[in-house]
Amino acid sequence: MKKAGSYIFSFIVSIFLVFMITAFSACLTARNIVSADSFISIAEENNAVQLTKKELDKYFSGKASSSGIPAEVYTSALTDEYIKNMINWRIMWGFGTVSDSEYYINPELEDNIDRFYSDYAESINYEKDDNYDRKVENAKNNAYIVVSNNCDIFKFSALIEHGVMKKIEPILNRIPVFVGISCGASAFLIVLLFLINMKEKKSAIYWTGTASLISGLLCSVPCIYLEASDYFSTFTIKQPQIYSAYTGLMNTAVSNFLMFSLITAVFGAVLIIIYSIISAVKKSQ
C-alpha cells in the first residue's frame, strides 16, 4: 500500500516537475535574449547595417526629384559605422539604457546640408535670412528623423508609442526573479521526490529523469519543427532590415530554447540510465 501511495505521489510531483523544468528553460532563454547586448548581436548577425543603408539610399534617391536635393547630400555621410552606431543607439534607447547619445549627431551630414543650401542660395542670389535658417534646420531634423526611424529595426518607438513596452517592461525586469523561482521550485520538487521515496532513492532518480526527459522532448519537438520548416520566413514585413531583425530574434529564441531543451532531455536520459544500472546491480546481488 505504501508503494502504491509513493507511486501516486511521485507521479503527481513529477507532472509538476515537468512544468517547472519547462518554465526554467523558458526563463533561461528569455534571460539570454532579452537585453540590449543580445539585440545588438542579433542585428549584427542579420546584416542590419547593409540592409538599412540600402533602404536609406532608396528613400533619399526617391525623394531627390521632389525635394530637389541630390541623394548624395545625405547618403555620402551615412557610413557603415554611423548606421551601426545609430542602430545600436536605438536598441539601447529602447531598453532604456540611454536617453541621448553622441551617436545621433552626424557632423558630415549637417555640413553637406549646409553646403547644399548655401550653394543653392548663392546661385539664385537668395538672402540668408531667418527663413533660410529655418529651412536648413528643418532639412537637418527631417534627415535625422528618417535615419533614426530606419535604424529603429526593432521598432521600439512604435512599441513605446502604443504602450506595449510599458506593459511588458515589468515582466522583462523580473526575468532574473522568474529564473530563480523556477529553478528553486524545480529543486524543491526534486527534493520532495527523494523524501517521498526515502526507502528507495533510486525511484526518485527515475522520476526526476522521466520528468526531465519528457520536458526536454516536449519542448524540443516544436522547436525542431520551427527550425526545419523555416517558419518565421513567412512573416510579411516590408522593410528588409526590420524583417531581418524580427525573424533573427525569433530564430535565436527558438535556437536557445532548443539548446536548453536538449540539455534537459539528455540530463533526463542519463538519470534514467543511472536508475537502470542501479536496478540491474541490485537484482544481480
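Our structure's up above, just so we're on the same page.
Description of the structure in this document. (Residues numbered from 1 in each chain as written. Predicted model: local features only at pLDDT ≥ 70, side-chain atom pairs only at ≥ 80, totals over all residues. Heavy atoms only, no water.)

A closer look at the overall build of the chain
(1) Moving on: A count of helical and extended segments in the chain gives 12 helices and 0 strands.
(2) Moving on: A compact globule built from 285 residues should have a C-alpha radius of gyration of about 19 Å, whereas the chain, at 28 Å, is more than 25% larger.
(3) Moving on: Counting only C-alpha atoms and orienting by the principal axes, one finds that the chain spans roughly 105 × 35 × 25 Å.
(4) Moving on: Expressed as a percentage of the 285 residues in the chain, the buried residues total 37%. (Helix = DSSP H or I, 4+ residues; strand = E, 2+ residues; numbered from the N terminus. Rg over C-alpha atoms; globule rule 2.2 N^0.38 Å. Buried < 20%, exposed > 50% of the residue type's maximum accessible area, 1.4 Å probe, protein only.)

Overview of unusual backbone geometry
(1) Moving on: For Asn125, which is not a glycine, the phi torsion comes out positive at approximately 55°.
(2) Moving on: Here Asn125 lies in the loop between helix H6 (107–123) and helix H7 (130–151).
(3) Moving on: Given the relative accessible area of 71%, Asn125 is considered exposed.
(4) Moving on: Of note, the phi angle at Lys155 is positive, near 55°, even though the residue is not glycine.
(5) Moving on: Counting through the fold element by element, Lys155 comes out in the loop between H7 and helix H8 (156–161).
(6) Moving on: Under the relative-accessibility criterion, Lys155 is labelled partly exposed at 25%.

Concerning the nonpolar core
(1) Moving on: The biggest cluster of nonpolar side chains holds 40 residues, and the ones touching the most others in it are Phe60, Tyr74, Ile87, Ile91, Ile113, Val147 and Phe154.
(2) Moving on: Counting only elements with at least two residues in this core, the list comes to helix H2 (36–45), helix H3 (48–67), helix H4 (72–75), helix H5 (80–94), H6, H7 and helix H12 (240–284).
(3) Moving on: Built from parts of two domains, this core gets at least three residues from each of domain 1 (4–35 + 171–284) and domain 2 (39–168).
(4) Moving on: Those residues in contact with Phe60 that lie beyond four places of it in its chain are Ala71, Tyr74, Thr75, Leu78, Val146 and Val147.
(5) Moving on: Counting residues in hydrophobic clusters, the runner-up holds 9 residues, among them Val13, Ile21, Leu189 and Leu193. (Core = buried A, V, L, I, M, F, W, Y, C linked by side-chain atoms within 4.5 Å. Domains from an automatic or database assignment. Contact = heavy atoms within 4.5 Å.)

A closer look at the packing of aromatic side chains
(1) Moving on: Scanning the model with the defined rule gives 16 aromatic pairs in all.
(2) Moving on: Here Phe95 and Phe156 contribute two aromatic rings whose centre-to-centre distance is 5.4 Å and whose plane-to-plane angle is 65°, an arrangement assigned as edge-to-face. Here Phe156 lies in helix H8 and Phe95 lies in the loop between H5 and H6, a separation of 61 residues in the sequence.
(3) Moving on: For Phe95, a relative accessible area of 22% puts it in the partly exposed group.
(4) Moving on: Given the relative accessible area of 3%, Phe156 is considered buried.
(5) Moving on: For the pair Phe116 and Tyr120, a centre-to-centre distance of 6.3 Å together with 10° between the ring planes defines the contact as stacked. Of this pair, Phe116 and Tyr120 both sit in helix H6, 4 residues apart, roughly one helical turn.
(6) Moving on: Judged by its relative accessible area of 48%, Tyr120 falls in the partly exposed class. (Phe/Tyr/Trp six-rings, centres within 6.5 Å; stacked < 30°, edge-to-face > 60°.)

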